[in-house]
Amino acid sequence: MLFNESFLYLDLTEAANALTPKMLLNKDELILLHRRTSGQQQANFMAGRYALKRLLIAHTGGTWLDWQILPKASGQPRAFFKHHAVPINLSISHSRSKVACVISTNEYVGIDIEDKKPRDNLAELVAQIASDEEQAWWQMQEDQLSAFYDLWTTKEAVGKLYGAGIIIKQAVAESISTYHPIDDTTSICTIAALPIKSY
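(A) Representation of the overall build of the protein chain within the structure. Within the protein chain, the regular secondary structure consists of 7 helices and 8 strands. Its C-alpha atoms give the protein chain a radius of gyration of 17 Å, near enough to 16 Å, the size a compact globule of 199 residues would have. Overall, the C-alpha framework of the protein chain stretches about 50 × 40 × 25 Å when taken along its three principal axes. Pairs at least 24 residues apart make up 59% of the contacts formed inside the protein chain by residues separated by at least 6 positions.

See below:
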């Protein structure tokens, strides 16, 4: 069952409404769903579980209710098949309009997706998150908005890979590979991957 990462990107509303909660979620997941107080949080939760389970079923089989996605202490998602932990690494991200997820058996993975929207305080935000080298790179970019989202999603994806949140003021380690499966006019998505033997 070894495979490199597999990626899925869906419209958030479509994914959130693809199945009813009782068709998609088991008892523990239903409890987690009902702890979310806003409709948007519940939609994100449903969309994320739908996307991850769709990938897991495609790669390993089973049904929607055979799979369970529960958080680790770090907040990272963990996969269970028929209540047994499975050695598959998972990551998920939401924007206002999209959900993206990645799974892998031989790499630690992290993912982040953002809707590209204009920001007034780009220089201030870059100064807060970027290393000196990254700030110098950003200042040289013609499209500073896209460059900002490149930095932001990369740092978020790497942080999720480690289960540590966004990596601030630190350059991304060379042992981590990153790429953008989506980078268009409305959205950017970054996947970070680290071979398991390197961690």
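(B) A look at the nonpolar core. Among the nonpolar cores identified, the biggest contains 32 residues, and Leu56, Leu90 and Val99 are the most heavily contacted of them. Among the elements of the structure, strand S1 (6-11), helix H1 (12-16), helix H3 (27-35), helix H4 (39-60), strand S2 (67-71), strand S3 (77-81), strand S4 (84-94) and strand S5 (98-104) are those that each provide at least two residues to this core. Examining the composition of this core, we find that 9 residues originate from one element, H4, more than from any other. If we ignore the near neighbours within four places in the chain, the residues touching Leu90 are Leu52, Leu56, Ile69, Pro77, Arg78, Ala79, Val102, Ile103 and Val109. Leu125, Ile129, Ala130 and Leu151 belong to the second largest nonpolar core, which has 11 residues in total.

(C) Summary view of H3. Within H3, the full set of buried residues consists of Glu29, Leu30, Leu32 and Leu33. Buried residues of H3, seen end-on, are gathered within an arc of 160 degrees and therefore sit on one face of the element. The exposed set on the far side of H3, more than 90 degrees from its buried face, consists of Lys27, His34 and Arg35. Against helix H2 (21-24), H4 and S2 lie the buried residues of H3. Measuring from the backbone nitrogen of Asp28 back to the side-chain oxygen at the start of H3 gives 3.2 Å, which picks out Asn26 as the cap.

(D) Layout of the packing of aromatic side chains. As enumerated under the stated definition, the model contains 5 aromatic pairs in all. Where Tyr50 meets Trp64, the ring centres are 5.1 Å apart and the plane angle is 20 degrees; that geometry is what we call stacked. You can see Tyr50 sitting in helix H4 and its partner Trp64 sitting in the loop between H4 and S2, a full 14 residues away along the chain. The exposure class of Trp64 is partly exposed, given its relative accessible area of 24%. One aromatic cluster is present, built from ring pairs that chain together Phe148, Tyr149 and Trp152.

(E) How the structure looks around the pattern of salt bridges. For the structure shown, the criterion picks out 3 salt bridges. We note a salt bridge from Glu29 to Lys53, for which the minimum N-O separation is 2.8 Å. Within this pair, whereas Glu29 is found in helix H3, its partner Lys53 is found in helix H4, the two being separated by 24 residues in sequence. On the accessibility criterion, Lys53 (0% relative accessible area) is buried.

(F) View of the sheet that holds strand S6 (residues 107-115). Ordered by their spatial adjacency, 3 strands build an open sheet running S6-S8-S7, and the pairing between neighbours is antiparallel. Bordering the open sheet on either side are S6 and strand S7 (177-183), each of which pairs with just one other strand. Put simply, the sheet's adjacent strands are angled 20 degrees from each other on average, direction ignored. Where S6 lies against strand S8 (residues 187-195), 9 bridges are found, and the strand directions are antiparallel. The residue bridging Ile111 from the neighbouring strand is Ile191, located in S8. Sitting on the sheet, helix H7 (residues 144-162) is in contact with S6, S7 and S8, with an inclination near 145 degrees to S6.

How each quantity is defined
Residues numbered from 1 in each chain as written. Predicted model: local features only at pLDDT ≥ 70, side-chain atom pairs only at ≥ 80, totals over all residues. Heavy atoms only, no water. Helix = DSSP H or I, 4+ residues; strand = E, 2+ residues; numbered from the N terminus. Rg over C-alpha atoms; globule rule 2.2 N^0.38 Å. Contact = heavy atoms within 4.5 Å. Core = buried A, V, L, I, M, F, W, Y, C linked by side-chain atoms within 4.5 Å. Buried < 20%, exposed > 50% of the residue type's maximum accessible area, 1.4 Å probe, protein only. Arc of directions from axis to C-beta. Polar contact = N/O pair within 3.5 Å; in protein donor to acceptor, adjacent residues only side chain to side chain. Phe/Tyr/Trp six-rings, centres within 6.5 Å; stacked < 30°, edge-to-face > 60°. Salt bridge = Lys/Arg side-chain N within 4 Å of Asp/Glu carboxyl O. Pairing = 2+ DSSP bridges. Axes fitted to C-alpha atoms, helices over the stretch in contact; angles between N-to-C directions.

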